[in-house]
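Secondary and tertiary structure notes
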Amino acid sequence: MKAKVQSSEQIREELFQRYPCLTFCGKEIDEAYRLISECYRKDGKLLLAGNGGSAADSDHFTGEMTKSFRFSRALDRGFEENLVDLYGDEGKELAENLEGGLMAIPLTQFAAANTAFMNDVSPESAFAQLVQTFGRKEDVFVGISTSGNSKNIVKALMAAKARGVRTICLTGKTGGRCKDLCDICICVPETETFKVQELHLPVYHALCSMVEADLFESKV
C-alpha cells in the first residue's frame, strides 16, 4: 500500500527527524535534490555507478526512479492518450497498468560492455567510458563510493566534467578525492564502510521521494 503523499519539504523534515546525524550534510542533500529535479525538468537523465554494495545502491536508486515509489504516479497524459488512440480498449488497459517514470541508468548493469572494456582496455576507466558514451549536457552522474576514493568513480567524474555532465557523489565523512571532483558531495558522517552504506540508503530514498513529490501527480 502506497504512503500518503507528502510534500518535498515534509519528506526532508522527516529524514532529519529520523536521522539527526544527517543534518551534517543537509545543505548538500538539499542541493542534490534541486539539481536532480532540474535535470528531469530539462528532460535529462541520471547515470549511476558504484562498486560492491554501492553498485547495489546504484541499482536500488534506479528502481525508485523508474516506477512509483512513495505513491502511485500518474502516467504522462499525452502518452496515455496515444495508447488509447492507437489501440483502443487494449491501449487503455495497458495505460492503467503503467506508471510515470524518470530515466535513470545504472552503469553497473552493462555486463558485456563493462567486462569487455575492463578486459580489453582499462578496468579503472569502464564507468568513464559509459559516461562519455551516454552523458549529455542536461544529465547528472551520481557516483557512490564509501571512501570517496574509488578509482573508477574518480575517472567517471573526470569524464562527466569533460562532457558537461553535472555530478553528485555519496561518500563517507571525508569525501576522499571525489569531494574535489564533483559538484555536490554528500559526505555522510561515518567512516566505516557498512556504516556509511547504512546512511546512504535513507539519503537516496529521501532524494527519490522529494523528486517524486516535486514532479508527479498521484493516481490516487
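Note that the structure is a prediction, hence the values are computed from the model and not measured.

Rules behind the numbers
Residues numbered from 1 in each chain as written. Predicted model: local features only at pLDDT ≥ 70, side-chain atom pairs only at ≥ 80, totals over all residues. Heavy atoms only, no water. Buried < 20%, exposed > 50% of the residue type's maximum accessible area, 1.4 Å probe, protein only. Helix = DSSP H or I, 4+ residues; strand = E, 2+ residues; numbered from the N terminus. Pairing = 2+ DSSP bridges. Right-handed = clockwise from strand over helix to strand, strands pointing away. Axes fitted to C-alpha atoms, helices over the stretch in contact; angles between N-to-C directions. Parallel < 35°, antiparallel > 145°, perpendicular 65-115°, else oblique. Left-handed = near helix turned anticlockwise from the far one by under 90°. Contact = heavy atoms within 4.5 Å. Nonpolar A, V, L, I, M, F, W, Y, C, P; charged D, E, K, R; others polar. Salt bridge = Lys/Arg side-chain N within 4 Å of Asp/Glu carboxyl O. 1 Å grid on protein atoms, 1.4 Å probe; cavity = no way out; pocket = protein on both sides within 12 Å on 5 of 7 lines; lining within 4 Å. Points joined across faces, edges and corners; volume = space filled by probe spheres on them.

Taken across its six residues, strand β4 (residues 166–171) has five buried, putting it largely inside the fold. Bridge count between strand β3 (residues 140–144) and β4: five bridges; the pairing is parallel. Note on β4: the bridge partner recorded for V140 is R166. Viewed along the sheet, the connection from β3 through helix α7 (residues 151–163) into β4 turns out right-handed. Looking at chain direction, β4 and strand β5 (residues 184–187) are connected through four bridges and run parallel. Within β5, the position partnered with L170 by the bridge is I186.

To continue, consider the packing of helix α6 (residues 126–134) against α7. Closest axis-to-axis distance for the α6/α7 pair is 7 Å, and the angle between their directions is 20°. With respect to each other, α6 and α7 are oriented roughly parallel. Relative to α7, α6 is oriented so that their crossing is right-handed. For the pair α6 and α7, the contacting residues are F127, A128, V131 and Q132 in the first and N152, I153, K155, A156, A159, A160 and R163 in the second. Its residues assigned to classes, the contact of α6 with α7 comprises seven nonpolar, two polar and two charged.

Glancing now at the pattern of salt bridges. It is possible for side chains of opposite charge to pair when their charged atoms get near one another. Enumeration over the complete set of coordinates arrives at 10 salt bridges. K42 is the salt-bridge partner of E38, the closest N and O atoms lying 3.0 Å from each other. Residue K42 is classed as partly exposed on the basis of its relative accessible area, which comes to 44%. Measuring nitrogen to oxygen at the nearest pair gives 2.6 Å for the salt bridge that ties K45 to D139.

Relative to the helices and strands, G100 resides in the loop between α4 (77–96) and β2 (104–106). For G100 and D76, which are 24 residues apart along the polypeptide, the C-alpha to C-alpha distance reads 6.3 Å. Those residues within four positions of G100 in sequence are excluded, and the remaining contacts are T66, K67, S68, R73, A74, L75 and F216.

A few words now on the layout of surface pockets. Taken as a whole, the largest pocket spans an internal volume of roughly 260 Å³. Around the largest pocket, the lining comprises 13 residues; the ones closest to its centre are G100, G101, L102, M103 and F216. Residue composition of the lining of the largest pocket, grouped by class: seven nonpolar, three polar and three charged.

A sheet is described by the order of its strands in space; here five strands give the open sequence β2-β1-β3-β4-β5, paired in parallel fashion. Single-partner strands in this sheet number two, and they are β2 and β5. Adjacent strand axes in the sheet meet at a mean angle of 15°, parallel and antiparallel pairs treated alike. In terms of strand pairing, strand β1 (residues 46–50) meets β2 through three bridges, oriented parallel. Its bridge partner lying in β2, L46 is registered against A104. Against the sheet, helix α9 (residues 193–215) engages β3, β4 and β5, with an angle of about 140° to β4.

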